[in-house]
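This is what each chain is made of:
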Amino acid sequence: SAFIKSIRGSDPDGALYWLARMLEAGEDPLFVVRRMVILAAEDVGLADPNALPQSTAAWEAYERLGSPEGELAIAQ
């Protein structure tokens, strides 16, 4: 919830902080990136049409690279 709120609030430092906390706590990175795609489609997409292509590219990069390299694409 705090991760999504940080993104909605245009707080990149907060979003990275909560992303790191989630991943460190053992959250499945695919769950995180799925939530990012949903967020891009529902909330951010109207303000930034590039949000959806970028989030789906992060999902694809994670699926191809795995952890930990794919997590860099999620953070971007």
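To be clear, the structure that these remarks concern was listed above.
Residues numbered from 1 in each chain as written. Predicted model: local features only at pLDDT ≥ 70, side-chain atom pairs only at ≥ 80, totals over all residues. Heavy atoms only, no water.

S.K.: It is not clear to me how the overall build of the protein chain should be interpreted in this structure. Could you clarify?
M.R.: Assigned secondary structure in the protein chain consists of five helices and zero strands. Going from the N terminus to the C terminus, the protein chain shows its helices and strands as α-α-α-α-α. Its C-alpha atoms give the protein chain principal-axis dimensions of about 30 × 25 × 15 Å. Once local pairs closer than 6 in sequence are excluded, the contacts in the protein chain between residues at least 24 apart make up 42%. A total accessible area of about 5,000 Å² is found for the protein chain, and carbon and sulfur atoms account for 55% of it. (Helix = DSSP H or I, 4+ residues; strand = E, 2+ residues; numbered from the N terminus. Contact = heavy atoms within 4.5 Å. Areas by Shrake-Rupley, 256 points an atom, 1.4 Å probe, with all protein chains shown as cover.)

S.K.: Would you mind going over the environment of Ile-74 with me for this structure?
M.R.: Along the chain, the position of Ile-74 falls in helix α5 (residues 69-75). Remark: the alpha-carbon pair of Ile-74 and Ser-55, spanning 19 residues in sequence, is separated by 7.6 Å. Dropping the residues within four chain positions of it, Ile-74 is found in contact with Leu-19, Pro-29, Val-32, Val-33, Met-36, Ala-58 and Tyr-62.

S.K.: Just to check I follow, could you spell out unusual backbone geometry for this structure?
M.R.: Most peptide bonds adopt trans geometry, and most residues besides glycine take a negative phi value. Here the residue pair Ser-67 and Pro-68 is connected by a cis peptide bond, since its omega of 5 degrees sits within 30 degrees of zero. Inspection of the secondary structure assignment puts Pro-68 in the loop between α4 (51-65) and α5. Positive phi, close to 55 degrees, is recorded for Ser-10, a residue that is not glycine. Within the secondary structure, Ser-10 sits in the loop between α1 (2-8) and α2 (12-24). Since its relative accessible area comes to 65%, Ser-10 is described here as exposed. (Buried < 20%, exposed > 50% of the residue type's maximum accessible area, 1.4 Å probe, protein only.)

S.K.: What exactly am I supposed to notice about the environment of Ser-1 here?
M.R.: The topology assignment puts Ser-1 in the segment before α1. Each C-alpha atom of the pair Ser-1 and Trp-18 lies 9.2 Å from the other, and the pair is 17 residues apart in sequence.

S.K.: Hey, could you run me through the layout of surface pockets in this one?
M.R.: Summary: where empty space remains is shown by rolling a probe the size of a single water molecule over the atoms. What the largest pocket holds in volume is close to 610 Å³. Considering the residues around the largest pocket, the lining is formed by 25 residues, among which Ile-7, Met-36, Gln-54, Ala-75 and Gln-76 are closest to the centre. Within the residue set of the lining of the largest pocket, elements represented by two or more residues are α1, α2, α3 (29-44), α4 and α5. (1 Å grid on protein atoms, 1.4 Å probe; cavity = no way out; pocket = protein on both sides within 12 Å on 5 of 7 lines; lining within 4 Å. Points joined across faces, edges and corners; volume = space filled by probe spheres on them.)

S.K.: Is there a simple way to explain the pattern of salt bridges in this structure?
M.R.: Side chains that differ in charge, positive against negative, can pair when their charged atoms come close. Taken as a whole and assessed by the stated rule, the structure comprises two salt bridges. With a closest N to O distance of 2.9 Å, Asp-43 and Arg-8 form a salt bridge. On the criterion of sequence distance, the pair formed by Asp-43 in helix α3 and Arg-8 in helix α1 is long-range, its members being 35 residues apart. With its nearest N and O atoms 2.9 Å apart, the salt bridge here joins Glu-60 to Arg-64. Taken together, the residues span about one helical turn, with Glu-60 and Arg-64 both in helix α4 at a distance of four residues. Judged by its relative accessible area of 40%, Glu-60 is partly exposed. For Arg-64, a relative accessible area of 67% translates into the label exposed. (Salt bridge = Lys/Arg side-chain N within 4 Å of Asp/Glu carboxyl O.)

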